[in-house]
Amino acid sequence: MSIPTGFEHELGTFTLRPLDPPGDAGLLHRWVTHPKAAFWMMQDASVRDVERAYRQIAADEHHHAYLGLHDGEPAFLMEKYDPAHRELVGLYEPEPGDVGMHFLVAPTDRPVHGFTRAVITAVMAHLFADPATRRVVVEPDVSNKAVHALNETVGFVPVREIQKPEKKALLSFCTRERFEKAVGA
């Protein structure tokens, strides 16, 4: 599944394509092991580890990974998952139409003001393009204040802290209505 026409933004066109674990592992390895990706928790991963992790996701009917493109060039990673079956099982009561999401913007030496917000807006637009999606669920590390602030700009509401095996996380939700209101859609 992709956004066929892309998400148009003043910063360019954002599209998604399914991740190709063997073909994209080298690129992803550079992204997930970069110091700015510390919250991705793959700092010590090898290229082979990254490929293995994304092969597992590709084989999982409840978890999907996409490479995000900005004007046709790789620029971000997006994962979506069914929180009733992955990541949050037993940590909250899922509702029909809940979709879990992770995203990672590629590190750059030339940051563009507003780029990360454009990426999360494109990701959310992609998720809500599916009429079955009623609510997006995220669980970033409680200490990742930058992503909490970013999430709020697109309509996420923090609910509570939860303890996952690998981290203490801030469970947050965003409904379609809150997203549309936040981004002026």
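Draft legend 1. Region of interest: the pairing of strand S8 (residues 168–175). The buried fraction of S8 is high, at 6 of 8 residues. The sheet contact formed by strand S6 (residues 135–138) and S8 spans 4 bridges and is antiparallel. Residue Val-138 lies in a different strand from S8, and its bridge partner there is Ser-172. Taken together, the 6 bridges between strand S7 (residues 157–163) and S8 define a ladder with antiparallel strand orientation. Considered in S8, the bridge of Val-157 is made with Phe-173.

Draft legend 2. Looking closely at the sheet that holds strand S4 (residues 73–81). In space, the 8 strands of this open sheet follow the order S1-S2-S3-S4-S5-S6-S8-S7, with mixed pairing throughout. Strand pairing shows two members of the sheet lacking a second neighbour, strand S1 (7–9) and S7, which therefore form its edges. The average angle at which neighbouring strand axes cross in this sheet is 30°, direction not considered. Across the sheet, helix H1 (residues 21–32) touches strand S2 (12–18), strand S3 (63–70), S4 and strand S5 (98–105), and the angle it forms with S4 is around 85°.

Draft legend 3. Up close: the side chain of His-62. Structurally, the position occupied by His-62 is in the loop between helix H2 (47–58) and S3. Among residues more than four places away in sequence, those in contact with His-62 are Lys-80, Tyr-81, Asp-82, His-85 and Arg-86.

Draft legend 4. Expanded view of the packing of helix H3 (residues 115–128) against helix H5 (residues 176–183). Their axes nearest at 11 Å, the elements H3 and H5 cross at an angle of 145°. The handedness of the crossing between H3 and H5 comes out as left-handed. Touching Arg-117, Thr-121, Met-124, Ala-125 and Phe-128 of H3 are Arg-176, Phe-179, Ala-182 and Val-183, all from H5. Of the residues belonging to the contact of H3 with H5, the class tally is 6 nonpolar, 1 polar and 2 charged.

Draft legend 5. Molecular detail of H1. Here H1 is 12 residues long, yet its end C-alpha atoms lie only 14 Å apart, well below the 16 Å a rise of 1.5 Å per residue gives. Residues Pro-21, Asp-24, Ala-25, Leu-27, Leu-28, His-29, Trp-31 and Val-32 constitute the buried set of H1. Residues of H1 that are buried sit in contact with S2, H2, S3, S4 and S5.

Draft legend 6. Structural context of unusual backbone geometry. Positive phi outside glycine occurs at Met-41, with the angle close to 60°. Here Met-41 is to be found in the loop between H1 and H2. Overall, the relative accessible area of 43% leaves Met-41 in the partly exposed class. In this model, Glu-87 sits at a positive phi of 65°, which is unusual for a non-glycine residue. Assignment of secondary structure puts Glu-87 in the loop between S4 and S5.

Draft legend 7. Quick peek at the environment of Arg-30. Within the secondary structure layout, Arg-30 lies in helix H1. Exposure remark for Arg-30: the relative accessible area of 53% places this residue in the exposed category.

Draft legend 8. Quick look at the pattern of salt bridges. Taken as a whole, this structure holds 11 salt bridges when the rule is applied. A salt bridge links Asp-24 to Arg-17; the shortest N-O distance between them is 2.9 Å. For Arg-17, a relative accessible area of 30% corresponds to the partly exposed category. A salt bridge links Arg-86 to Asp-60, with the nearest nitrogen and oxygen atoms 2.6 Å apart.

Reading the values: rules and limits
Per-chain numbering applies: the sequence of each chain, read as written, is numbered from 1 onward. Where totals are concerned, whole chains, interfaces and linings use all residues; where local detail is concerned, this predicted model gives features only for residues with pLDDT of at least 70, and gives and counts side-chain atom pairs only at 80 or more. The basis for every side-chain value is the complete set of non-hydrogen atoms in the structure, without hydrogens or water. Burial classes: relative accessible area under 20% of the type maximum marks a residue as buried, over 50% as exposed, and values in between as partly exposed (1.4 Å probe, protein chains only). Secondary structure elements follow DSSP: runs of H or I no shorter than four residues count as helices, runs of E no shorter than two count as strands, and numbering proceeds from the N terminus. Following DSSP output, two strands are said to pair if at least two bridges run between them. Note on method: axes are straight lines fitted to C-alpha atoms, helices fitted across the in-contact stretch only, with angles between N-to-C directions ranging 0 to 180 degrees. In what follows, residue pairs with any heavy atoms lying within 4.5 Å of each other are defined as contacts. Crossing chirality is assigned from the near helix's rotation relative to the far helix, an anticlockwise turn below a right angle marking it left-handed and a clockwise turn marking it right-handed. Residue classes follow a fixed rule: Ala, Val, Leu, Ile, Met, Phe, Trp, Tyr, Cys and Pro count as nonpolar, while Asp, Glu, Lys and Arg count as charged, and any other residue, Gly among them, counts as polar. To estimate the expected span of a helix, subtract one from its residue number and multiply by 1.5 Å. For this document, the term salt bridge refers to a Lys or Arg side-chain nitrogen within 4 Å of an Asp or Glu carboxyl oxygen.

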